[in-house]
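# Topology and contacts: notes
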Amino acid sequence: MSASLKGRAVVVTGGSKGIGRGIAKVFAESGAKVAIMARNVDEAQAAAREIGHDAYGIYGDVTSAQSLEAAFAEVARRSGGIDVLCANAGIFPQARLEEMTEAQWELVSDTNLKGTFLSVRAALPYLKASSQGRIILTSSITGPVTGYPGWTHYAATKAGQLGFMRTACIELAGYGITVNAVLPGNIITEGLAAMGEDYQKSMAASVPLKRLGTVEDIGYAALYFASREAGYVTGQTIIVDGGQILPESLDALS
Ligand code: NAP
């Protein structure tokens, strides 16, 4: 498959950094007109300039319905509609359950889960008008498949996105819109790189493919879901983790 998104209008929430930036890059290189949305608009615009291919940066906050409506109206005006929504923005601050405050829970939930709902709802009028509407969620292996101390709130939101997806895909099927999710494993982003080389090495050692994922690895999976060729695939997930969830014990890796 050589997916081409030539001329498709794509918006990537949280596209200024990390995985979103990788998705934006892969889509832009495949011919799409990509809008990169983040709260820090300077970073969004800088990422767009670096990516090139007519990508552009815009302001948007996924915790605010009003902000999303304004952002997507701007994308529709500048790109001539919206064909693909990559609902990717997410945060992952750590807090152990016993110390977790309601405010910490709510911030993660509002951004990752409610933010997914608000982004999809705000994009719907445009996706319905598209001949090839696509929604791609960035979930995670953490929550749907695995667990990690300090991330009960995060894991709940990432699993929640999949519950949302499985009903949204049915509701939206009548409009020809598909809804799918990519579940990344450990991906090298600015945040993970900042945790140092030792951390990266130990994480890579737990992956059968013996390396951490790249942001482009996630972009290619998202590109598949957005492609014409994936038009009959909806409500599905793809794990992109180098086989990380599979070993039954450390022995299985030796
Ligand atoms: P990142 O490097 O920290 O980037 C997060 C992006 O989201 C930034 O562009 C940030 O820009 C934006 N963002 C945060 N809050 C926002 C809000 N309220 N409204 C709009 N944009 C917002 O994160 P990442 O590691 O690439 O993670 C991206 C997604 O991948 C998340 O959904 C995460 O759960 C998922 N994921 C990541 C990994 C991994 O290994 N990195 C693994 C599994 C899943 P502003 O702060 O300027 O808004």
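Here, every reference points to the structure presented above.
What counts, and at which threshold
- Residues numbered from 1 in each chain as written.
- Predicted model: local features only at pLDDT ≥ 70, side-chain atom pairs only at ≥ 80, totals over all residues.
- Heavy atoms only, no water.
- Helix = DSSP H or I, 4+ residues; strand = E, 2+ residues; numbered from the N terminus.
- Rg over C-alpha atoms; globule rule 2.2 N^0.38 Å.
- Buried < 20%, exposed > 50% of the residue type's maximum accessible area, 1.4 Å probe, protein only.
- Contact = heavy atoms within 4.5 Å.
- Areas by Shrake-Rupley, 256 points an atom, 1.4 Å probe, with all protein chains shown as cover.
- Lys, Arg positive; Asp, Glu negative; His and termini not counted.
- Charge placed at Lys NZ, Arg CZ, Asp CG, Glu CD.
- Expected span 1.5 Å × (residues − 1).
- Bend = angle between axes of the 7 residues up to and from the residue.
- Polar contact = N/O pair within 3.5 Å; in protein donor to acceptor, adjacent residues only side chain to side chain.
- 1 Å grid on protein atoms, 1.4 Å probe; cavity = no way out; pocket = protein on both sides within 12 Å on 5 of 7 lines; lining within 4 Å.
- Points joined across faces, edges and corners; volume = space filled by probe spheres on them.
- Nonpolar A, V, L, I, M, F, W, Y, C, P; charged D, E, K, R; others polar.
- Pairing = 2+ DSSP bridges.
- Right-handed = clockwise from strand over helix to strand, strands pointing away.
- Near = heavy atom within 4 Å.

On a plain count of helices and strands, the protein chain comes out with eight helices and seven strands. Taking 254 residues into account, the globule formula puts the C-alpha radius of gyration at 18 Å, and the protein chain, at 17 Å, falls close to it. Here the C-alpha coordinates of the protein chain stretch approximately 50 × 45 × 35 Å along the principal axes. Burial statistics for the protein chain: of 254 residues in total, 50% are counted as buried. Residue pairs at least 24 apart in sequence account for 69% of intrachain contacts in the protein chain once pairs closer than 6 positions are excluded. Just so you have it, the protein chain exposes about 12,100 Å², and 52% of that area is on carbon and sulfur atoms. Taken as two groups, the 21 positive and 24 negative side-chain charges of the protein chain have centres that lie 8 Å from each other.

The next subject is helix 4 (residues 102-129). An α-helix turns once per 3.6 residues; consequently, residues spaced three or four apart project the same way. Taking 1.5 Å of rise per residue, the 28 residues of helix 4 would be expected to cover 40 Å, and the 39 Å separating its terminal C-alpha atoms lies within 8% of that figure. Considering bend angle alone, the principal kink of helix 4 is centred on Ala 123 and spans about 50°; proline Pro 125 follows within four residues of it.

With that out of the way, let us pick up the side chain of His 153. The residue His 153 is located in helix 5 (residues 152-173) in this model. With a relative accessible area of 1%, His 153 lands in the buried category. A polar side-chain atom of His 153 sits 3.3 Å from the main-chain carbonyl oxygen of Pro 93.

Put simply, the largest pocket is a space of about 1,300 Å³. Lining of the largest pocket is provided by 49 residues; of these, Gly 90, Ile 91, Phe 92, Tyr 154 and Thr 189 occupy positions nearest its centre. Listed by contribution, the elements that provide at least two residues to the lining of the largest pocket are helix 1 (18-29), strand 2 (33-38), helix 4, helix 5, helix 6 (190-193) and helix 7 (197-205). Broken down by class, the residue content of the lining of the largest pocket amounts to 20 nonpolar, 23 polar and six charged.

Our focus in this paragraph is unusual backbone geometry. One non-glycine residue, His 53, adopts positive backbone phi at about 50°. Here His 53 shows up in the loop between helix 2 (41-51) and strand 3 (56-59). On the accessibility criterion, His 53 (49% relative accessible area) is partly exposed.

Right, let's talk about the pairing of strand 4 (residues 84-87) for a bit. If a strand is regular, its side chains alternate between the two faces of the sheet. Along strand 4, one buried face is formed by Val 84 and Cys 86 and the opposite face, lined by Leu 85 and Ala 87, is buried too. Where strand 1 (residues 9-13) lies against strand 4, three bridges are found, and the strand directions are parallel. Bridged to Val 12 within strand 4 is Cys 86. With helix 4 bridging strand 4 and its parallel neighbour strand 5 (residues 134-138), the resulting β-α-β unit is right-handed.

Turning our attention to the site of the ligand. Ser 16, Ile 19, Arg 39, Asn 88 and Tyr 154 are the nearest of the 29 residues found near the ligand. At a separation of 2.7 Å, an oxygen atom of the ligand approaches a polar side-chain atom of Ser 16. Side-chain polar atom of Lys 158 to an oxygen atom of the ligand: 2.9 Å apart, as the coordinates give it. Burial of the ligand by the protein amounts to 91% of the accessible area it has alone, namely 880 Å².

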